[in-house]
Amino acid sequence: MKAVRFDRYGDVDVLDVVEVPDPVPGDGQVLVRVRASGINPGEASIRRGVYAERWPATFPSGQGSDLAGVVERVGPGVGNRQEGDEVIGFTDNRASHAELVVVDAANLTARPAQVPWDAAGSLFVAGATAWAAVRAVGAAEGDTVVVSGAAGGVGTIAVQLARDAGATVIGLASERHHAWLRDHGVTPLTYGDGLAERLGEACGGPPDALIDTYGAGYVDLAVDLGVAPERIDTIIDFDAAARHGTKTDGNAAGASADVLAELAALIAAGGLEIPIARTYPLAKVRDAYRELERRHTLGKIVLHP
C-alpha cells in the first residue's frame, strides 16, 4: 500500500509517499481502507519537531489521526464490526495518511449515510478538540463566547457547538470568512489592532469566555479583558496557559468513539457543518500541508488516498 512517511524533522519536503507492507489487524482491531483523511496543524508541528520533547516522532514516522473508510478485514475478538462497514474513526499511531490503516475497533463509529466522506474523514481531531473546548469553558445560555481562529478547522466547529449551547458567539477571523460565520449564527470580528476595543463594543463589556485555537496572544488578551481563567481554554498557547492558570482541554479530552458518534449525528441531522476548503490526492500531501500552514483556509483540508 501507499502511505505518507518522513524520516527526519523538517519542512513539507521531508514528506514522501512510499510503498509499505499492508498492515494486519491484531486482537480487537480492524483494517480500514481509507476513503478520506483530514490533515491538522498539530501534525505539521510534530513533523517540524516543535513538540519533539512532548510528542517525539519515531523514524521513519507515519502521519495522521483522522479517517473514514470501509472495513476490509476484521481481527480476532472484534464482534461489532464486519467487512464492508462504513466507519468514522481515529488512530493514535500516526498512520491514517495511507491507503490502509489498522484501527482499534473501540475507536470507530458507524458513518451515517447523510455524513459526506470528506466531513467524516476530517472529523476526529478538529471535532473532538472543539467539543472539549466548548465544554471546558462552560458555554451556556446567556454567555458571550469569543473564539479565535474561528474560520479554522477547530474554530468552525467550536463556534457552532457554542451557538448550539445557547451562547452568543463572536468569531475572530479575516473578513473573507465573515459571511460564513454570519450564516452560521456567529458575529464576526476582524483580528488586529484595536481588537480589545471592538470586543468591548461587541460584547457590551468583557466576554464571559474565550476559546483560543490560534495563539498569538489571545489568552493574554482575554485575561486583560477580565475573563476568568477557568473560562479560558487554549489548544495551542501552553505557555500563556501556565502563566495564567487557564485550561488547555483539547483533543485528548474529547477523544472517543462516543464523541465522534455525537458529532456525526449532528451532521446527519443538519445541525453541524464541516466546511471543506479543499481536497488533495495522497500523492500531493506536500501541497496539502503547504496550504494548511498558511493558516488562511476555511475549515478542513482532506487527503484522498
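Details of the structure are given in the entry above.
A short tour of the structure in this document, coming up.

### Quick look at the nonpolar core
Working step 1: With 44 residues, the main nonpolar core has Leu123, Val147 and Val159 as its most contacted residues.
Working step 2: If one sorts the elements of this core by residue count, helix 3 (residues 124-136) sits on top with 9 residues.
Working step 3: Setting aside anything within four residues of it in sequence, one finds Leu123 in contact with Ile88, Ala128, Leu260, Leu263, Ala264, Ile267 and Ile274.
Working step 4: Within the second largest apolar cluster, 16 residues are counted, among which are Val4, Val12, Val14 and Tyr289.

### Let's talk about the packing of aromatic side chains
One pair of aromatic rings is described through two measures. These are the centre distance and the angle between the planes.
Working step 1: As enumerated under the stated definition, the model contains 4 aromatic pairs in all.
Working step 2: Taken together, a centroid distance of 5.0 Å and an interplanar angle of 75° make the contact between Tyr9 and Phe59 edge-to-face. Pair noted here: Tyr9 is in the loop between strand 1 (2-5) and strand 2 (16-19) and Phe59 is in the loop between helix 1 (41-48) and strand 4 (66-74), with a separation of 50 residues, a long-range link.
Working step 3: Under the relative-accessibility criterion, Tyr9 is labelled partly exposed at 30%.
Working step 4: Assessed through its relative accessible area of 33%, Phe59 is described here as partly exposed.
Working step 5: With a centroid separation of 3.9 Å and an interplanar angle of 5°, the aromatic rings of Phe90 and Phe124 are classed as stacked. One end of the pair, Phe90, is in strand 5 (residues 86-90); the other, Phe124, is in helix 3, with 34 residues separating them in the sequence. When sorted by exposure, Phe90 lands in the same class as Phe124, which is buried.
Working step 6: The ring of Trp55 has Arg54 lying over it, and the distance from NZ or CZ to the ring centre is 5.2 Å.
Working step 7: Here Arg295 stacks its cationic end above the ring of Tyr214, 3.8 Å away from the centre of that ring.

### Quick word on the pattern of salt bridges
Working step 1: In the structure shown here, the tally under the stated rule is 15 salt bridges.
Working step 2: Put simply, Asp7 and Arg8 hold a salt bridge, and the shortest N to O gap is 3.1 Å.
Working step 3: Within the structure, one salt-bridge network assembled from shared partners comprises Asp11, Arg47, Arg48 and Glu293.

### Looking at the environment of Pro21
Working step 1: Position of Pro21 relative to the elements: it lies in the loop between strand 2 and strand 3 (29-38).
Working step 2: Linking Pro21 and Leu266, residues 245 residues apart in sequence, is a C-alpha distance of 37 Å.

### Description of the packing of helix 6 (residues 195-203) against helix 7 (residues 218-225)
Working step 1: Put simply, helix 6 and helix 7 touch, their axes get as near as 11 Å, and they point 55° apart. Classified by the interaxial angle, the pair formed by helix 6 and helix 7 is oblique. In this structure, helix 6 meets helix 7 at a crossing whose hand is right-handed. Residues Leu195, Ala196 and Leu199 of helix 6 pack against Tyr218, Leu221 and Leu225 of helix 7.
Working step 2: Residue composition of the contact of helix 6 with helix 7, by class: 6 nonpolar, no polar and no charged.

### Notes on the sheet that holds strand 8 (residues 144-148)
Working step 1: Across the sheet, which stays open at both edges, the 5 strands sit in the order 10-9-8-11-12 with parallel pairing between neighbours. This sheet does not close on itself; its edge strands, each paired only once, are strand 10 (187-189) and strand 12 (232-234). Neighbour-to-neighbour, the strand axes of the sheet open up by a mean angle of 15°, direction not taken into account.
Working step 2: The pairing of strand 11 (residues 209-212) with strand 12 spans 3 bridges and is parallel. Each residue of the ladder has a partner; that of Ile211, found in strand 12, is Asp233.

### What about helix 3?
Working step 1: The end-to-end C-alpha distance of helix 3, which contains 13 residues, comes to 18 Å, matching closely the 18 Å that a straight helix rising 1.5 Å per residue would cover.
Working step 2: The buried fraction of helix 3 is high, at 12 of 13 residues.
Working step 3: The complete set of buried residues in helix 3 reads Phe124, Val125, Ala126, Gly127, Ala128, Thr129, Ala130, Trp131, Ala132, Ala133, Val134 and Ala136.
Working step 4: Just downstream of helix 3, Gly138 is the residue with a positive phi angle, here 65°.

About the cut-offs
Residues numbered from 1 in each chain as written. Predicted model: local features only at pLDDT ≥ 70, side-chain atom pairs only at ≥ 80, totals over all residues. Heavy atoms only, no water. Core = buried A, V, L, I, M, F, W, Y, C linked by side-chain atoms within 4.5 Å. Buried < 20%, exposed > 50% of the residue type's maximum accessible area, 1.4 Å probe, protein only. Helix = DSSP H or I, 4+ residues; strand = E, 2+ residues; numbered from the N terminus. Contact = heavy atoms within 4.5 Å. Phe/Tyr/Trp six-rings, centres within 6.5 Å; stacked < 30°, edge-to-face > 60°. Lys NZ or Arg CZ within 6 Å of the ring centre and 35° of its normal. Salt bridge = Lys/Arg side-chain N within 4 Å of Asp/Glu carboxyl O. Axes fitted to C-alpha atoms, helices over the stretch in contact; angles between N-to-C directions. Parallel < 35°, antiparallel > 145°, perpendicular 65-115°, else oblique. Left-handed = near helix turned anticlockwise from the far one by under 90°. Nonpolar A, V, L, I, M, F, W, Y, C, P; charged D, E, K, R; others polar. Pairing = 2+ DSSP bridges. Expected span 1.5 Å × (residues − 1).

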